Amino acid sequence: MRHLSVPDPVGLHDLLPQTARLDGSGMTIGECEVAALAAAYGTPLYVYDEHTLRDQARSILAVFPAQHATVSFASKACDLMGVMAVLRAEGLNLDVVSEGQIEAGILAGFPPDRMHLHGNAKSDAELELAANLGLRAIVLDGLDEFERLDRLARTLNKSIRVLLRLTLAIEAETHPHMQTSGYRSKFGVPDTDAEYGAAVRRILGSPCLQLEGLHVHLGSQIRDQTLYRHAAERLLVLAQEAQSLGAPIGELSVGGGWAVASMPGDTSLAPAAVAHALECVFQSPYHLGIEPGRALVARAAVALYTVRSVKSMDSHRVVAVDGGMGDNPRPALYGARYTAFAPYRKALSTGLADVVGRFCESGDVLAKDVLLPEIAPGDLLCMPMAGAYHLSMASTYNLVPTPAAIMVREGDAHLIQRRGTVHDILSRQVRL
Ligand SMILES: Cc1ncc(COP(=O)(O)O)c(C=O)c1O
């Protein structure tokens, strides 16, 4: 049986940026008319709402106050500097995973001591950049990396703060590609006595590396808050073990991964529920670290597409748009589900349609079984919950340039990423 995605107004509203207004004959976001934005900037277009970004940040900071917790934005969810700058202004720290994200963070105004570096295969150059800039911490992913970082710290004669990333025997119920814990994970050091104990001893033997905390990230789209409690309880035990060996553990980080809804009727994991599950850390002597990504930015943006063709097959329509897996690979990568609607069509729906992308892959389906009105080439389609892991995962597959992104606020729109061009792409190639 086909699953129906019915964009009922109440559910749909919760998926849209907070300033979105839909009146049946049009739509505004941040007091900007969406059709005018599409005309001015072209489509596909990603429209970020500054108000929603700020509000999401504030509501997370309200339940994770600074005296108990450090909230870092996991920039892999969205590494647009314009978005980072807004979250920096709201007081968040930044979690980065590459030289590019370190540079973007600096350009977005983050002082290095508000950034920490993750990654399971960091390059020497990335470690050196992080060390020279004096990032708040480098999250050590394993003993091979420890060897490299220790050598580097001795060469540079620098003291470097590290967190040790652990993988726990907790497997989150989510798509396997979004699971990052469990002992077969490629991330971190298993928390077993032998491996954890050896890692702690090795780090403590280094005169240059300070083991200031422990880190886990269980995975993404986690809906069950009790997993965070289990992780935190385990970290508390492990922290005491490390301290008894002499490690100056101050921080326990449980990463990010809070589920967001992407369809009407979906559930999400509220920041307050996560905070409640982490009470045991608030009541401990340790400072809590959290790294939400999608929970901060997913709802802040919509993707606008223009319909290019409509085909009817067995009373089912296939609506092809001018973007697709090049700007949103999540349906193909994780089976992620989305909804879509036509903001400038009055009738609510006339039947089911699959919204497909323009890329040469059968798997390039953006939204399946969406109820759409009568629709024709040239119509605008809006896909909500487009702020996280779309543009940051975008590719130029088929040599199609990546879309533009804008930030809207109180009637003003600012370009935060220009549309790519064919020249951008081809200029890197060499014709023999
Ligand atoms: C270490 C780490 N922290 C935080 C996140 C953010 O996850 P989410 O966007 O699901 O909150 C990720 C995502 O992959 C991650 O790997």
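The numbering scheme is per chain: residues are counted from 1 as the chain's sequence reads. Reporting of local features is limited, given that this is a predicted model, to residues whose pLDDT is at least 70; pairs of side-chain atoms are given and counted only at 80 or more, and all residues count toward the totals for whole chains, interfaces and linings. Neither water nor hydrogens contribute to the side-chain values; these are computed over all heavy atoms in the structure.

**Student:** Help me out: how do you make sense of the site of the ligand in this one?
**Tutor:** Near is defined per residue: the residue qualifies when any heavy atom it owns lies within 4 Å of the molecule or strand. Contacts to the ligand come from 15 residues, most closely from Ser220, Gly257, Glu291, Arg294 and Tyr389. At 2.9 Å, a backbone N or O of glycine 293 approaches an oxygen atom of the ligand. A distance of 2.6 Å separates an oxygen atom of the ligand from a polar atom in the side chain of tyrosine 389. In isolation the ligand exposes 400 Å². Once the protein is present, 92% of that is buried. Any pair of nitrogen or oxygen atoms within 3.5 Å is treated as a polar contact; in protein, a donor-acceptor pairing is required on top of that, and neighbouring residues in sequence qualify only through side-chain atoms on both sides. Here the Shrake-Rupley method, with its probe set to 1.4 Å, supplies the accessible areas, and only the displayed protein chains count as covering residues.

**Student:** Which parts of the structure should I look at to understand the pattern of salt bridges?
**Tutor:** Pairs can form between side chains of opposite charge whenever their charged atoms are close. Definition used for salt bridges: Asp or Glu carboxyl oxygen within 4 Å of a side-chain nitrogen of Lys or Arg. Using the criterion set out here, one finds 15 salt bridges in the structure. Note that glutamate 50 and arginine 409 form a salt bridge whose closest N and O atoms lie 3.2 Å from each other. Of this pair, glutamate 50 sits in helix α3 (residues 50-63) while arginine 409 sits in strand β19 (residues 404-409), and the two are 359 residues apart along the sequence. A salt bridge links arginine 58 to glutamate 90; its shortest N-O distance comes to 2.8 Å. Residue arginine 58 is found in helix α3, and its partner glutamate 90 is found in the loop between α4 (81-89) and β6 (93-96); the two are separated by 32 residues along the sequence. Secondary structure counts use DSSP, requiring at least four H or I residues in a row for a helix and at least two E residues in a row for a strand, with both numbered from the N terminus.

**Student:** I keep staring at the sheet that holds strand β3 (residues 32-33) and nothing clicks. Help me out?
**Tutor:** What holds strands together in a sheet is hydrogen bonding between their backbones, with the strands either parallel or antiparallel. The strand order across the open sheet built from three strands is β1-β2-β3, with neighbouring strands paired in antiparallel fashion. Two strands lie at the open edges of the sheet, namely β1 (21-22) and β3, each paired on one side alone. Here, a strand pair is defined by DSSP locating no fewer than two bridges between the strands. With two bridges joining them, β1 and strand β2 (residues 27-29) adopt antiparallel strand pairing. Residue pairing across strands places arginine 21 opposite threonine 28, the latter belonging to β2.

**Student:** Would you mind going over a nonpolar patch on the surface with me for this structure?
**Tutor:** Patch membership is restricted to residues that have no salt bridge and whose relative accessible area is over 30%. Joining uses 9 Å for like charges and 5 Å for the nonpolar side chains Val, Leu, Ile, Met, Phe, Trp and Tyr. A cluster of nonpolar residues, Leu399, Val422 and Leu426, forms a patch on the protein surface that exposes about 240 Å² of accessible area. Within the fold, leucine 399 resides in the loop between β18 (380-383) and β19.

**Student:** Before we go on, may I ask you to explain the packing of aromatic side chains in this structure?
**Tutor:** Each aromatic ring pair is specified by the distance between its two centres and by the angle formed by the two planes. Centres within 6.5 Å are what make two rings of Phe, Tyr or Trp a pair, Trp counting through its six-membered ring; a difference in plane orientation under 30 degrees is then read as stacked, over 60 as edge-to-face, and the rest as tilted. Applying the stated rule across the entire model yields three aromatic pairs. Ring plane angle 25 degrees and centroid distance 5.7 Å describe the contact between phenylalanine 64 and tryptophan 258, whose orientation is recorded as stacked. Taken together, the positions of phenylalanine 64 in the loop between α3 and β5 (69-74) and tryptophan 258 in the loop between β12 (251-253) and α10 (271-277) put the pair 194 residues apart, joining distant regions of the chain. Under the scheme applied here, a residue whose accessible area is under 20% of the maximum for its type counts as buried, over 50% as exposed, and between as partly exposed, the area being computed with a 1.4 Å probe on protein chains only. By relative accessible area, which is 2% here, tryptophan 258 ends up buried. With a centroid separation of 6.2 Å and 50 degrees between ring planes, the pair formed by phenylalanine 64 and phenylalanine 282 is classed as tilted. Taken together, the residues phenylalanine 64 in the loop between α3 and β5 and phenylalanine 282 in helix α11 (residues 279-282) connect sequence positions 218 residues apart. Cluster of aromatic residues (ring-pair linked, three or more members): Phe64, Trp258 and Phe282.

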